[in-house]
Each structure stands twice: as C-alpha cells, then as structure tokens.
Amino acid sequence: TWSDAKVVCRNPWRLPSRSDWSNLEINIGLLSENPWEKSFFRAKSGGFRSKKGVYELLGQRADFWSADEFDENAAYYYYFAEGDKEIHSNKYSKNGALSVRCVKNL
C-alpha cells in the first residue's frame, strides 16, 4: 500500500517523486526505438494488487508508487509495459498495492 511504500526506502534512499519519474523518462532516452532495452533501467512486469486484493496485469505491466499524494484517498503512480516508449502516470487508491522503486538521495 502507499503507506507501506512511504517507509520501505531507508536513508539515503527514498520513494521517487513525480519530478524524479519525469527526470528518469528524460534521462533514459524514451524517444529511442527500444528504450527499455538500451537503458540502465530494468524492471519486472509485476502488475498490481487492487484494493479488493485481486492481482491484475501480472507479467504485463510494471506499476510503481510515487511519493506524491493526489488527495486523502489516492496517490500518484507510474507504470509501463514492455515495448512502451513512455512512462504513464495516473492516481490510484492508497489501499491498493504497487511495487516500489527507491532512488538514492544525492
């Protein structure tokens, strides 16, 4: 859940912000033909767990929490599927479960 995601990254690591995700998209060169194959960014497509406890899109998509809250019930997250040329963003219920990608403080 989002509350768990906020505490899983230990200093000097942290949950990435929306700005961090935008910077990642720019820095890995998503305008290239196969950006995920050419970049240093690797991730398994683990899907997500809905707030009802059902796992969806397993093996089809990678979904990651952002540190940024949308409102009291939702937070932003980022996702992509193999072959995508961009990272997608949306908001999701804080009670659902998504993967966590920690970034290092510089």
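Each remark here, short or long, concerns the structure printed above.
Below is a summary of the structure that appears in this document. Bear in mind the structure is a predicted one, so any value in this text is a computation, not a measurement.

Some words on the sheet that holds strand β6 (residues 88-93)
Then, number 1: What the three strands build is an open sheet, ordered β4-β5-β6; its pairing is antiparallel. Looking at which strands have only one partner, the edges of the open sheet turn out to be β4 (62-69) and β6. The average undirected angle you get between the axes of adjacent strands in this sheet is 35°.
Then, number 2: Two strands pair when backbone bridges link them, and β4 and strand β5 (residues 74-80) are joined in this way by five bridges, in the antiparallel orientation. What sits directly across from Ala62, in β5, is Phe80.

What about the pairing of β5?
Then, number 1: Counting buried residues in β5 gives seven out of seven residues, a clear majority hidden from the surface.
Then, number 2: Along β5, one buried face is formed by Ala74, Tyr76, Tyr78 and Phe80 and the opposite face, lined by Ala75, Tyr77 and Tyr79, is buried too.
Then, number 3: Linking two consecutive strands that pair antiparallel, namely β4 and β5, is a turn of four residues.

With respect to the pattern of salt bridges
Then, number 1: Considering all chains together, one arrives at three salt bridges under this definition.
Then, number 2: A salt bridge links Asp63 to Arg61, with the nearest nitrogen and oxygen atoms 2.7 Å apart. Per residue, the accessibility class of Asp63 equals that of Arg61, and both read buried.
Then, number 3: With a shortest N-O distance of 2.2 Å, Glu69 and Lys94 are connected by a salt bridge.

Quick word on the state of the cysteines
Then, number 1: Summed over all chains, the structure comprises one disulfide.
Then, number 2: Disulfide partner of Cys9: Cys102, at an S-S distance of 2.0 Å. Taking the torsion about the sulfur-sulfur bond, which here is approximately -85°, the covalent link between Cys9 and Cys102 counts as left-handed. Taken together, the residues Cys9 in the loop between α1 (2-8) and β1 (13-14) and Cys102 in the loop between β6 and β7 (103-104) connect sequence positions 93 residues apart.

Observations concerning the packing of aromatic side chains
Then, number 1: For the structure shown, the criterion picks out eight aromatic pairs.
Then, number 2: Ring centres of Trp21 and Tyr78 lie 5.3 Å apart, and the angle between their planes is 15°; on these two criteria the pair is classed as stacked. With a gap of 57 residues between them, Trp21 in helix α2 (residues 18-27) and Tyr78 in strand β5 connect regions that are remote in the sequence.
Then, number 3: Overall, Tyr78 belongs to the buried group, its relative accessible area being 7%.
Then, number 4: Look at Tyr77 and Tyr92: their rings are 5.6 Å apart centre to centre, the planes differ by 65°, and that puts the pair in the edge-to-face class. Of this pair, Tyr77 sits in strand β5 while Tyr92 is found in strand β6, placing the two residues 15 residues apart along the sequence.
Then, number 5: With a relative accessible area of 8%, Tyr77 lands in the buried category.
Then, number 6: Under the relative-accessibility criterion, Tyr92 is labelled buried at 16%.
Then, number 7: An aromatic cluster is built from Phe48, Trp65, Tyr77, Tyr79 and Tyr92, whose rings are joined through pairwise contacts.

Reading guide: rules and limits
Residues numbered from 1 in each chain as written. Predicted model: local features only at pLDDT ≥ 70, side-chain atom pairs only at ≥ 80, totals over all residues. Heavy atoms only, no water. Pairing = 2+ DSSP bridges. Helix = DSSP H or I, 4+ residues; strand = E, 2+ residues; numbered from the N terminus. Axes fitted to C-alpha atoms, helices over the stretch in contact; angles between N-to-C directions. Buried < 20%, exposed > 50% of the residue type's maximum accessible area, 1.4 Å probe, protein only. Salt bridge = Lys/Arg side-chain N within 4 Å of Asp/Glu carboxyl O. Disulfide = S-S within 2.5 Å. Phe/Tyr/Trp six-rings, centres within 6.5 Å; stacked < 30°, edge-to-face > 60°.

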